[in-house]
Amino acid sequence: SWATLNFITGYIDTNQDFSLDFGFSAGTASPFGGFAITNEVESEQFSQEVKLVGEVGRMNYVAGLFYLTEENTTAQLDTFAAAATSTAALVLGDRRLENATDSFAIYAQADFAIDDQWTMTLGGRLTEEDKTASSRAAGTRVARAPSRIRPSDRRRPGPTNWACARTCWTIGCV
């Protein structure tokens with residue numbers, strides 16, 4: 001057999017909801033009041049690689065294709081309540097962050113055995129990558145008590161967006 005073909009697939013889907021409470025201990029207000037950060041995070045990633053590895057005479061080689069797509073969303077809410085028993089909280093920060101990546105690469109490398117002591121390596125990789133991100137921020141307002149606020153409950157004002165795309169060549173000879 002002169003070559004082996006490998007298919008490598010990866011997938012992850014994560015959902016996290018959590019809150020950090022700074023200021024209340026066993027239901028008692030601290031001198032600084034109650035500050036809380038509430039987060040909802042959704043993340044999904046998929047990758048696929050197809051790789052050919054082989055040997056022909058004095059040459060070993062690897063060549064392949066790689067694809068990755070990823071999407072992340074984080075809803076974050078920062079609140080402050082004057083006491084542990086407060087029924088309303090001041091919203092200090094209210095934002096939704098979204099980012100995504102799509103990446104495709106093609107690569108190849110060959111090792112040529114010149115003799116028993118010397119090997120020449122030649123390889124290259126071309127990567128095309130697109131990244132986008134957006135951030136939406138809401139104004140400060142009064143909200144329900146921190147224990148009952150979920151970032152997904154709030155309004156969604158206009159976004160701030162950025163995007164970039166890059167193509168990268170890597171060629172080497174050793």
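Along each chain, residue indices are assigned from 1 in the same order as the chain's sequence is written. Whole-chain, interface and lining totals are the exception, using all residues; otherwise, since this is a predicted model, local features are given only for residues with pLDDT of at least 70 and side-chain atom pairs are given and counted only at 80 or more. For the side-chain quantities, the full set of heavy atoms in the structure was used; hydrogens and water were omitted.

1. Describing the overall build of the protein
Cut-off, in case you're wondering: Numbered from the N terminus, helices here are DSSP runs of H or I no shorter than four residues, and strands are runs of E no shorter than two. Using a 1.4 Å probe on the protein chains alone, a residue whose accessible area is under 20% of its type maximum counts as buried, one over 50% counts as exposed, and one in between counts as partly exposed. In this description, contact between two residues means that some pair of their heavy atoms is separated by no more than 4.5 Å. A 1.4 Å probe and the Shrake-Rupley method give the accessible areas. Residues count as covered only by the protein chains that appear here.
When you go through the protein residue by residue, the secondary structure sums to zero helices and nine strands. Listing each helix as α and each strand as β along the protein from the N terminus yields β-β-β-β-β-β-β-β-β. The burial tally for the protein puts 26% of its 174 residues in the buried class. Of all intrachain contacts in the protein linking residues separated by at least 6 positions in sequence, the fraction that spans at least 24 positions is 69%. Here the protein has roughly 11,100 Å² of accessible surface; of this, 57% comes from carbon and sulfur atoms.

2. Points about the pattern of salt bridges
Formally: The salt bridge criterion pairs a side-chain nitrogen of Lys or Arg with a carboxyl oxygen of Asp or Glu, the two atoms within 4 Å.
Applying the stated criterion across every chain, the model contains two salt bridges. In this structure, the salt-bridge partner of Arg95 is Asp78, at a minimum N-O distance of 2.7 Å. In this pair, Arg95 sits in strand β6 (residues 88–113) while Asp78 sits in strand β5 (residues 59–81), placing the two residues 17 residues apart along the sequence. Judged by relative accessible area, which is 23%, Arg95 ranks as partly exposed.

3. Let's talk about a negative patch on the surface
Threshold: Residues enter patches when they are more than 30% accessible in relative terms and free of salt bridges; like-charged ones are connected within 9 Å and nonpolar ones (Val, Leu, Ile, Met, Phe, Trp, Tyr) within 5 Å. Positive charges come from Lys and Arg alone, negative charges from Asp and Glu alone, with His and the N- and C-terminal ends not counted. For charged residues, the charge sits on one atom: NZ in Lys, CZ in Arg, CG in Asp, CD in Glu.
Taken together, the side chains of Asp13, Glu42, Glu44, Glu71, Asp102, Glu128 and Asp130 define an acidic patch exposed on the protein surface. Those elements that place two or more of their residues in the negative patch are β4 (34–56) and β7 (119–137). Structurally, Glu71 is set in strand β5.

4. A closer look at the confidence of the model for the protein
For the record, the criterion: Values of pLDDT, the confidence the predictor places in each residue, fall between 0 and 100.
Confidence in the prediction of the protein, expressed as mean pLDDT, is 77, and 67% of residues score 70 or more. Within the model, pLDDT remains below 50 along residues 139–159, and this stretch shows 60 contacts once partners closer than five positions in the same chain are excluded.

5. Notes on the pairing of β4
Note the threshold: Strand pairing follows a simple DSSP-based rule, namely that at least 2 bridges must link the two strands.
As judged from the 23 bridges shared by β4 and β5, these two strands associate in the antiparallel manner. Looking across to β5, one finds that Ile37 is bridged to Asp78. With antiparallel pairing between neighbouring strands as the criterion, β4 and β5 make up a hairpin whose turn holds two residues, including Gly57 at a positive phi of roughly 60 degrees.

6. Things to note about a nonpolar patch on the surface
Taken together, the side chains of Phe112, Ile114, Trp118, Met120 and Leu122 define a hydrophobic patch exposed on the protein surface, amounting to about 500 Å² of accessible area. Examined against the element boundaries, Met120 turns out to sit in strand β7. Note on Met120: relative accessible area 34%, which makes it partly exposed.

7. Section: the environment of Asp130
With respect to the secondary-structure elements, Asp130 resides in strand β7. Taking the C-alpha atoms as reference points, Asp130 and Ala100, separated by 30 residues in sequence, lie 8.2 Å from one another.

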